[in-house]
Structure formats: structure tokens, C-alpha cells
Amino acid sequence: MLKKEVTIYEIAKLLNVSAATVSRGLKNHPSISKKTCTKIQETAKKLGYQSNALASSLRTSKSYTLGVIVPRLDSNFMSTVLAGMEKAAVEKGYHLIIMQSFETQEKEEKCAQLLFNHRVDGILVSTSSESDGMNHFSPFVKKNIPLLFFDRAPNGKHTFSSITINNRKAGYELTKLMIKNGSENILHITGNKRLLVYKERLDGFIQALKEFNIPFSPKMVWETKLGVEDGTNAAKKILTMKTLPDSIFVANDTCAIAITNYLQKKGIKIPGQIQVSGFNDDPFASLFTPQLTTVRYPGTEMGIVAVKSIIDLIKTKNKSPVKDILDFKLIVRESTDKIDTRLP
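Residues numbered from 1 in each chain as written. Predicted model: local features only at pLDDT ≥ 70, side-chain atom pairs only at ≥ 80, totals over all residues. Heavy atoms only, no water.

Participant: Would you explain helix α12 (residues 299-316) in this entry?
Facilitator: For an α-helix, 3.6 residues make a turn, and residues three or four places apart therefore share a direction. Relative to the 26 Å expected for 18 residues at 1.5 Å per residue, α12 spans 26 Å between its end C-alpha atoms, a close match to the ideal helical length. Listing the buried residues of α12 in full gives Gly299, Met302, Gly303, Ile304, Val305, Ala306, Val307, Ser309, Ile310, Ile311, Leu313 and Ile314. Residue Lys317 follows α12 closely and has a positive phi angle near 55 degrees. (Helix = DSSP H or I, 4+ residues; strand = E, 2+ residues; numbered from the N terminus. Expected span 1.5 Å × (residues − 1). Buried < 20%, exposed > 50% of the residue type's maximum accessible area, 1.4 Å probe, protein only.)

The structure is reproduced here in C-alpha cells:
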């Protein structure tokens, strides 16, 4: 036989206080003394009382919960973003439900539906590498549930709120660095160009080429999923090229290091023959040999700003999209030292 659920009315009767006092005491409401709150909470714990969050959210139309969808949890950058989000959410009295899309649109769609059914007050999304279309977020839009994209935002005519860095400028600065170090034949390895983050890095790449009167060739832009295997496959393809590139600008560190590792094993001097740069400044970027030139951007700050922004949207019911662009830092290391034109 199932044991009956303990209610706040039973706690109130036992302590000879009102149910309203128990309800407030469980939430540490300032109108209830600290001593009374402690007594109520200790009694509730002893009796095995469980708060019914769903019932509370139905009464107040608020769950004080934010949904978060990330491409992968096994990412140093994403873990710092989530740490910032958790810090800001706790300070504001909110909880996070974190889900990962595993870089697939199908899983992203399922995550969105689950979070919608869970009645989250807002949703924070970093889109998957396969994302093509935002229809799966339309239920949130129709219900006026705030939606904010961070790091990876959709490309196109969408007017959603977003928190990003100036990816165009970062792509430009990286490319300019390699050109100034003697490169003229630069290969750009990118992610899904339908995502704004990769489109803007490509735009910056093209801008730098144009500024230095270097012709742009679409054949020198390769779209991949930017994983380790993708990097190895790209390196194999590079070795079949009639003329090797003298620089490779890769849109993340993981893929950049996989490419560098494979090319070095095949006798290619890096940076002697080919400069390589990545993006994200993952911890292993400074531990690998040669140390990887990359772009560092503030994950923790991005998480804090994202949560504060969406809570503000929830409270104000502001329909105007928020567009925050955070600073980045170019980290110059050994992998982009000047190339040696004497080498074959």
C-alpha cells in the first residue's frame, strides 16, 4: 500500500501555525523569522514532505525553471558557459534543466519539445551543427516564452535574442595574422555555414583576404563537423592537394589539433611549412606541440549574461530581441610563427 503524501496542512497542524506560514517558511520568506523557517523545514524533512513543483507552477504560471540545450556537454567551453549560467540562475532563484542535442537536429527537436512540455519559463539554446530551420522552437514563440541563442545562433532572417562574440572580427584578425606571417594560400575549415557563428568567421576570413589583395576561392573553404575524425580526414585530403596551403584557419581547436597531429606525423613542418590556427582556446591548445594560436572568449561571462538577459525578458515580457556581443582575445602561439619559404 502506497504511503499517503504529507501536506503542508499536516505540518501546520503539528506546529500549530497556518498553512500559509508553512508555505512561506519552506521558501525562507522574509516575513517569517529565521527560527520559524528552520523549525518548519526540519519538521517537513522529518515527515518526508515533498514540494509539488508542478502544482505550484500551474497556480502561478511560473516554474522558475530555464531550459538549456547545448550541442555537447563534453566541451570545455560549454562547461564554462554552463557554470556561468548556473551561478546566475541560482542568484535569481531559478533552476536549469540541461539537455544536449549530440550535434543532431533530430535530438534538438526532441529536447525542445520536452522542455516545452515541462513548462520552462525560458529557453537558452546553442544550436547543433545540423540545425536547418527553427520550426521546432515555434511553440515557444507562440506562447511568448522567451528564447535566446548563445554562442551558436541561427543564420538567416530570424530575429531571436542572442549572446555571441564578434566572430567576423575574430576571423578577420586570425587570417590577417597568418597573412602578415607570410601566407597567401590559406585554407579555411569551417562548420555548418547555415549557423551564424561559422558564416561570420568565414566572412572575416574573406574580408582579410580582400584587404591584402589575395584572391578568394570557394575551393579553399571546406565544411565539416569539426570533430577529431573530421580533422584527420581533412589532413589526408590536404596531402593530396597539388599545392599545399601555407596556412590553415580551422573554426575550432579540436579539429585544428587533429589536423596538425596528422600532418606532423607525415613529415609536414608546422609552422615551418604550414601555419595552423584554431578557435575557442580549449585547455589542450596550450599543451599541444606546437602550442596552438586561437581565439579565447569568455564562456563564464557568456553564461551569466545569457541567464540575466532571459530572466529580464521573462520579467518585462519585452518582445524586442536582445543582441549582446562580447569581447574576445586573440591568443598568438607557436603554430602561427612565420613560415620558412626555404622549405619545400
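That covers the picture; the talk isn't over yet.
Participant: Mind showing me how you'd approach the packing of helix α2 (residues 19-26) against helix α3 (residues 34-47) here?
Facilitator: A packed helix pair is summarised by two numbers, namely the angle formed by the two axes and the spacing between the axes. Axis separation between α2 and α3 bottoms out at 8 Å; the angle between their running directions is 90 degrees. It follows from the interaxial angle that α2 and α3 lie roughly perpendicular. Residues Thr21, Val22, Gly25 and Leu26 of α2 pack against Thr36, Cys37, Ile40, Gln41 and Ala44 of α3. Of the residues that constitute the contact of α2 with α3, the class distribution is five nonpolar, four polar and no charged. (Axes fitted to C-alpha atoms, helices over the stretch in contact; angles between N-to-C directions. Parallel < 35°, antiparallel > 145°, perpendicular 65-115°, else oblique. Contact = heavy atoms within 4.5 Å. Nonpolar A, V, L, I, M, F, W, Y, C, P; charged D, E, K, R; others polar.)

Participant: Explain the side chain of Ser183 to me, please; I cannot follow it from the model alone.
Facilitator: Mapped onto the secondary structure, Ser183 falls in the loop between α8 (167-180) and β6 (186-190). A polar atom in the side chain of Ser183 sits 2.7 Å from the side chain of Gln275. (Polar contact = N/O pair within 3.5 Å; in protein donor to acceptor, adjacent residues only side chain to side chain.)

Participant: How do you make sense of the nonpolar core when you look at a structure like this?
Facilitator: Soluble, globular proteins show a tendency: their nonpolar side chains are buried together. Counting residues in hydrophobic clusters, the biggest one holds 42 residues, and the most contacted among them are Leu66, Met85, Leu124 and Phe150. Every element with two or more residues in this core is listed here: β1 (65-70), α5 (76-91), β4 (147-150), β5 (161-165), α8, α9 (196-211) and α12. Sorting elements by how many residues they give to this core places α12 first, with eight residues. Ranked by size, the runner-up nonpolar core spans 28 residues in total, among them Leu195, Ala235, Met241 and Ala251. (Core = buried A, V, L, I, M, F, W, Y, C linked by side-chain atoms within 4.5 Å.)

Participant: How do you make sense of the pattern of salt bridges when you look at a structure like this?
Facilitator: A side chain of one charge can pair with a side chain of the opposite charge if their charged atoms are brought near each other. If you walk through the whole model with that rule in mind, you get eleven salt bridges. A salt bridge links Glu106 to Lys110, with the nearest nitrogen and oxygen atoms 3.7 Å apart. Residue Glu106 and its partner Lys110 are both found in helix α6 (residues 105-117); the two are separated by four residues, about one turn of the helix. A relative accessible area of 48% means that Lys110 is categorised as partly exposed. Arg296 is paired through a salt bridge with Asp281; the nearest N and O atoms lie 2.7 Å apart. One end of the pair, Arg296, is in strand β10 (residues 294-296); the other, Asp281, is in the loop between β9 (275-277) and β10, with 15 residues separating them in the sequence. Judged by its relative accessible area of 37%, Arg296 is partly exposed. (Salt bridge = Lys/Arg side-chain N within 4 Å of Asp/Glu carboxyl O.)

Participant: Explain α3 to me, please; I cannot follow it from the model alone.
Facilitator: Its 14 residues give α3 an end-to-end C-alpha distance of 20 Å, which sits within 8% of 20 Å, the value for a rise of 1.5 Å per residue. Cys37, Ile40, Thr43 and Ala44 are the residues of α3 that are buried. Seen end-on, α3 carries its buried residues on one side only, within an arc spanning 135 degrees. Along α3, the residues that are exposed and aim more than 90 degrees away from the buried face are Lys34, Lys35, Lys39, Glu42, Lys45 and Lys46. Taken together, the buried residues of α3 touch α1 (8-15) and α2. Downstream of α3 by one or two residues, Gly48 has phi in the positive range, about 80 degrees. (Arc of directions from axis to C-beta.)

Participant: Would you explain the sheet that holds β4 in this entry?
Facilitator: Within a beta sheet, neighbouring strands are joined by backbone hydrogen bonds and run either parallel or antiparallel to one another. Taken in spatial order, the six strands make up an open sheet running β2-β1-β3-β4-β5-β11, and their pairing is parallel. The open sheet has two free edges, formed respectively by β2 (95-100) and β11 (323-326), since each of these has just one partner strand. Adjacent strand axes in the sheet meet at a mean angle of 15 degrees when their direction is disregarded. Across four bridges, the pairing between β1 and strand β3 (residues 122-125) is parallel. Note on β3: the bridge partner recorded for Gly67 is Ile123. (Pairing = 2+ DSSP bridges.)

Participant: Would you mind showing me how to read the sheet that holds β9 here?
Facilitator: One open sheet holds the four strands; their spatial order is β7-β6-β8-β9, and the pairing between them is parallel. Across the chains shown, the open sheet's two edge strands, defined by having one partner strand only, are β7 (221-223) and β9. Taking each pair of neighbouring strands and ignoring which way they run, the sheet shows an average axis angle of 15 degrees. Looking at chain direction, β6 and β7 are connected through three bridges and run parallel. Bridging from a neighbouring strand, Thr190 pairs with Glu223 of β7. Sitting on the sheet, α9 touches β6, β7 and β8 (247-250), and the angle it makes with β6 is about 170 degrees.

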